[in-house]
Each structure stands twice: as C-alpha cells, then as structure tokens.
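Chain residues, written in single-letter form:
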Amino acid sequence: MSPRRDLDEDDVRVRARPGSRPRTRTRPTHADAREALVVGVDRGRYTCWLDDREVTAMRARELGRKSVVVGDRVALVGDVSGGPDALARIVRIAERRSVLRRTADDDDPYERVIVANADQLVVVTALVDPPPRTGFVDRCLVAAFDAQVDPLLCLTKADLAPKDAADEFRQHWAALDLPVVTTRRDEEPTELEERLTGRMSVLIGHSGVGKSTLVNRLVPDAERATGGLSAIGKGRHTSTSAVALALPGGGWVIDTPGVRSFGLAHVSPASVLAGFPDLAPGAADCPPNCEHRSAEEGCALDAWVEAGHASPERLASYRRLLESRSDLG
Ligand SMILES: Nc1nc2c(ncn2[C@@H]2O[C@H](COP(=O)(O)OP(=O)(O)OP(=O)(O)O)[C@@H](O)[C@H]2O)c(=O)[nH]1
Ligand SMILES: [Zn+2]
C-alpha cells in the first residue's frame, strides 16, 4: 500500500513498533468527552466549536490515520477551556452524513475529503466579470449529487449585468428543480440568508465571483468568528483550507478558499449522469455499459433529446464533462 493512496482512508493499519509497549486491548472510552464541531484546520491544529467557544485541538493517536476535516463532529478530551495555550485532543469522529470530495484534477486519482456533514452546496457564479460558465455549474452539480448534498445556485453581480442575464443563464437548468438566488451590491442578500439559515452550507466558486463579499455580508463578525486563530482568519485568501463561520441566524457557512472547482475522477460515469436528472432516464434504452459518448456507439441519449425530453445543450454539457475525465480512457 503506497502511503499516498490513502490520504483519506479510514482503515487503519496498526503496526507494532519494535520496543513499544503492547497496546492495551480495551481503550478508554472517554465517557467525559465533549462533542464539538471542527470549524478550521491548519497544519495539524483543529479549531473546534464547543458550546460557545473555540477550542484548539490535536488528533489523539488512537484516531490512527483517520482524517479530520471541517464539518466533522468530534469528541474532545483534555483541556477544552479554550484558553490561549489550551490544547484538547480529538478522540472520536462521528459518522459523517455527507462528504464532499475533490480530486486535484480530473486525472488525479487521489481524492480528498474537503468538508464533512454539509447539507447544501452553494455554487457561486458571477453574471458578469467573470462571465458565467454553464460547465462549471454542471460540474458542481455532479459533485453535489454524488455527495447527496442539496445544490443552490447563487448568481452574483446582478447590478452589473443586463436585466435578463440571470433568467437567461438559469434557463440551462430549467428542467431541474434547481433553486437559484441572485445577489447584487446594492441589496442585502436576504434570500440567500434565508436559504442558509439553520443549515451547513459550503460555498464554491471561482476567484473574483464575490464569495468573500458574500461571506462578509452574511457573517459581519467573520473575523471574530475565526477568533484568535489568526492563521485561519488572516490567511483566508492564501490558505487552502476550508473554514466554517457561524451565521447570526443559526447554521454554518463554509468558505473553501483553495477549492475553485471539483475534479470528478472519483465519480463513476453513472454518477455523473445522475447529476443530469433531465438526461438520466434516457439512458434506460442504452446498451449495457454504454459510455454515453455518441449515437454511433448506440447511446440512446441523442434520441432522448430529439424526442424533446432534454435540450441539446444539456447533452453537450454532459458529454463535455465526460470527456474531461481521463479515467474513461
Ligand atoms: N458590482 C458588484 N461587484 C461585486 C459584487 N460582489 C463582489 N463584487 C466585487 O467583485 C470583486 C471580487 O469580489 P470578492 O468577494 O473578492 O471575490 P471572491 O470570489 O471572494 O474572490 P477571491 O477572494 O479571489 O476568492 C470585488 O471587487 C468586489 O467588490 C456584486 O454583487 N456587485
Ligand atoms: Zn448511452
């Protein structure tokens, strides 16, 4: 097993080290452990939210190689006072309800969990400057479907765009039940705020689309929320790690500064299709193991589109995504 393969693998190989004391068979159960939420990760230190304070923690040895990511619910022991020099230990990670993964590139088979337990993926796209791209949104939708996280499309900079720009762009997903909000500089992002309240949402978007602007409006004390952990607070623009910020009305918004998109190498072709629910039923007439690339190869999706069940742009979009994945050969 190469050490790189299992960056995020949860199966642990316990190696007996020469000279080390034998491990006790029954580990302490840490009945007094406190439940906390991981809101930041920085070089082996985990910022956890416990009741109403931030606690810095490290991983306990007994976690083995299990990864701890933002959004994880963990059990803490040790010094959970949250004082400046206090250091707690993470002894357990609760089972994850969802995991958002990425691969660095489509042809990079090594996947990483970016965020655990999110229930909403907010795809942030500007209507102008930079111009919106349907392919980026499609890619994010596939990642959301794969992770079983609800998608929300957030179109920013409506104040700079022609009046019908938002309607025109969202037309691409007219066949889907995709919720869409638009935001603009001269208005509070009230509708977005409503959709985020009480949930754990991840923001994803290219540089310059206005993510930081949104986060600052949604979390006015963002700097304070990341607290003394200046490495995370100040490093938001350079850091590549995600950070969870508490929303005033309840819930969390997770900013992912280093993640601009999702590689999909780990997503099976069938799951990529699941991200296109308007096309997916059309595959019922495909030959077994159809790679859905062309009608010449027997793919039934072209006929599905010709029959008017989905738009040609959607099929083209799907096939572009497939092409960008090298694992199909
Ligand atoms: N007119 C207008 N400008 C906006 C809006 N949202 C953001 N901007 C501007 O767009 C630029 C980029 O916004 P940021 O919030 O820094 O974008 P970002 O997505 O966080 O980019 P990174 O920090 O590189 O990740 C800034 O100059 C913002 O002032 C908007 O709704 N309307
Ligand atoms: Zn097919």
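Since we're looking at a predicted model, the values are computed, not measured.

Peer 1: I'd love a proper account of the UniProt feature "binding site: Zn(2+)" (unreviewed entry) in the protein chain, names of residues and values included.
Peer 2: UniProt records the feature "binding site: Zn(2+)" (unreviewed entry) for Cys286, Cys290, His292 and Cys299 in the present numbering. Turning to its location among the elements, Cys286 is positioned in the loop between helix H7 (269-274) and helix H8 (301-306). Ignoring any residue separated from it by four or fewer positions in sequence, one finds Cys286 in contact with His292, Gly298, Cys299 and Ala300. With respect to the helices and strands, Cys290 occurs in the loop between H7 and H8.

Peer 1: Kindly report on the site of ligand 1, identifying the contributing residues and their values.
Peer 2: Close to ligand 1 lie 16 residues, the nearest being Arg185, Ser207, Gly210, Ser212 and Thr213. Ranked by the residues each element gives to the shell around ligand 1, the list is headed by helix H4 (residues 211-218), at three residues. Grouping the amino acids of the shell around ligand 1 by side-chain chemistry returns two nonpolar, nine polar and five charged.

Peer 1: Help me get a handle on the domain arrangement of the protein chain, residues and values and all.
Peer 2: Split into domains, the protein chain comes out as domain 1 (34-93), domain 2 (99-255) and domain 3 (269-328). Taken together, the residues that form the side of domain 2 that touches domain 3 break down as five nonpolar, three polar and five charged.

Peer 1: I'd like a rundown of the pairing of strand E1 (residues 34-42), residues and numbers included.
Peer 2: Here E1 pairs with strand E4 (residues 73-78) via four bridges, running antiparallel. When the bridges of E4 are listed, Arg34 appears paired with Leu76. As defined by bridge partners, E1 adjoins strand E2 (residues 45-50) across five bridges and the pair is classed as antiparallel. By the bridge assignment, Val38 is partnered in E2 with Cys48. The antiparallel pairing of E1 with E2 creates a hairpin that spans two residues between the two strands, and Arg43 there sits at a positive phi of about 40 degrees.

The rules behind these values
- Residues numbered from 1 in each chain as written.
- Chains lettered and ligands numbered in written order.
- Predicted model: local features only at pLDDT ≥ 70, side-chain atom pairs only at ≥ 80, totals over all residues.
- UniProt positions renumbered as here; feature names shortened; annotations may be inferred.
- Helix = DSSP H or I, 4+ residues; strand = E, 2+ residues; numbered from the N terminus.
- Contact = placed C-beta atoms within 7 Å.
- Near = placed C-beta within 6 Å.
- Nonpolar A, V, L, I, M, F, W, Y, C, P; charged D, E, K, R; others polar.
- Domains from an automatic or database assignment.
- Pairing = 2+ DSSP bridges.

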